[in-house]
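# Close look at the chain arrangement
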Amino acid sequence: ETGVTQSPTHLIKTRGQQVTLRCSSQSGHNTVSWYQQALGQGPQFIFQYYREEENGRGNFPPRFSGLQFPNYSSELNVNALELDDSALYLCASSFEGGGNTIYFGEGSWLTVV
Amino acid sequence: KQEVTQIPAALSVPEGENLVLNCSFTDSAIYNLQWFRQDPGKGLTSLLLIQSSQREQTSGRLNASLDKSSGRSTLYIAASQPGDSATYLCAVSPFGENTGFQKLVFGTGTRLLVSP
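So, here's what we can say about the structure. (Residues numbered from 1 in each chain as written. Chains lettered and ligands numbered in written order. Predicted model: local features only at pLDDT ≥ 70, side-chain atom pairs only at ≥ 80, totals over all residues. Heavy atoms only, no water.)

## Let's talk about the overall build of chain B
Within chain B, the regular secondary structure consists of zero helices and eleven strands. The order of α-helices and β-strands along chain B, N terminus first, is β-β-β-β-β-β-β-β-β-β-β. In summary, chain B has a C-alpha radius of gyration of 14 Å against a globular reference of 13 Å for 116 residues, a match within 12%. Principal-axis analysis of the C-alpha atoms gives chain B an extent of 45 × 30 × 20 Å. Taking all 116 residues of chain B together, 43% fall into the buried category. Expressed as a percentage of contacts within chain B between residues at least 6 apart in sequence, the contacts between residues at least 24 apart total 55%. The positive charge centre, built from 9 side chains, and the negative charge centre, built from 9, are 4 Å apart in chain B. (Helix = DSSP H or I, 4+ residues; strand = E, 2+ residues; numbered from the N terminus. Rg over C-alpha atoms; globule rule 2.2 N^0.38 Å. Buried < 20%, exposed > 50% of the residue type's maximum accessible area, 1.4 Å probe, protein only. Contact = heavy atoms within 4.5 Å. Lys, Arg positive; Asp, Glu negative; His and termini not counted. Charge placed at Lys NZ, Arg CZ, Asp CG, Glu CD.)

## Brief notes about the pairing of strand β3 (residues 19-25) of chain B
All names here are of chain B. Only one face of β3 is buried, namely the one carrying Leu19, Leu21, Cys23 and Phe25, since none of Val20, Asn22 and Ser24 on the opposite face is buried. Here four bridges tie strand β1 (residues 4-7) to β3, and the two strands are oriented antiparallel to one another. Each residue of the ladder has a partner; that of Ile7, found in β3, is Asn22. Bridge analysis of β3 against strand β8 (residues 72-77) gives six bridges, and the strand direction is antiparallel. Its bridge partner lying in β8, Leu21 is registered against Leu75. (Pairing = 2+ DSSP bridges.)

## What to know about the packing of aromatic side chains
Scanning the entire structure with this criterion turns up eight aromatic pairs over all chains. Ring centres of Tyr35 of chain A and Phe106 of chain B lie 5.7 Å apart, and the angle between their planes is 85°; this geometry places the pair in the edge-to-face category. Remark: Phe106 of chain B occurs in strand β10 (residues 105-106) and Tyr35 of chain A occurs in strand β4 (residues 31-37); the pair is interchain, linking two chains. You can call Phe106 of chain B buried: its relative accessible area is 8%. For the pair Phe104 of chain A and Phe36 of chain B, a centre-to-centre distance of 5.4 Å together with 85° between the ring planes defines the contact as edge-to-face. Of the two residues, Phe104 of chain A is situated in strand β10 (residues 103-104) and Phe36 of chain B in strand β4 (residues 30-38); the pairing between them involves two chains. On the basis of relative accessible area, Phe36 of chain B is assigned to the buried category, the value being 0%. A connected cluster of aromatic rings, assembled from ring pairs, spans Tyr35, Phe45 and Phe104 of chain A together with Phe36 and Phe106 of chain B. (Phe/Tyr/Trp six-rings, centres within 6.5 Å; stacked < 30°, edge-to-face > 60°.)

## Overview of the sheet that holds strand β7 (residues 62-67) of chain B
Residues and elements named next belong to chain B. If you trace the five strands from one edge of the open sheet to the other, you get β1-β3-β8-β7-β6, paired in antiparallel fashion. The sheet is open, and its two edges are formed by β1 and β6 (56-59), each paired on a single side. Within this sheet the neighbouring strands show an average axis-to-axis angle of 15°, counted without direction. (Axes fitted to C-alpha atoms, helices over the stretch in contact; angles between N-to-C directions.)

Below is the structure:
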């Protein structure tokens, strides 16, 4: 049990639509990051938020955006969905003084048809 | 650009065997290296974290080593059990990035199957 909860667990969207994925972290986890994991691949870093501000981004286009809220929840938004966006989306969080330990959620499976 | 490679991609062993999973990375400028376990369709569970100044970490039947100069890490699993069956992922935290230690660069994993 990592204390990181993601929703929904599975969803199917149509190409061109928009999707919002949600993540809830433990109290005090002020850093959250999102990863995309395609089938058979390792996770790819999308971006990171620290105290509600984005402070790092991987090689993903602007249609991938996020938000972090004061209650330690966060969102990943993807606009204009493409077939290649089909993947497992993982949320991870950590807290200062946590010894660099990162806690991952179970992920949200997104299928774009 | 940091790249992480894991060998082998898949491994099948009988229960009780000791085994070694390998991870290599191209840039030795890292904060730390971590090994994760991922069960099918699930999230990641952190197994071991080795800081850049450390050489190894141990947890139960697991031992991970780090040789930064050669860009290599190994995960040793002693007396393997069927419950160890999963994908094992290696990840490094690149040094010098302003994103902090949560920006991890992952390998593609080693899929392990331990048969009874």
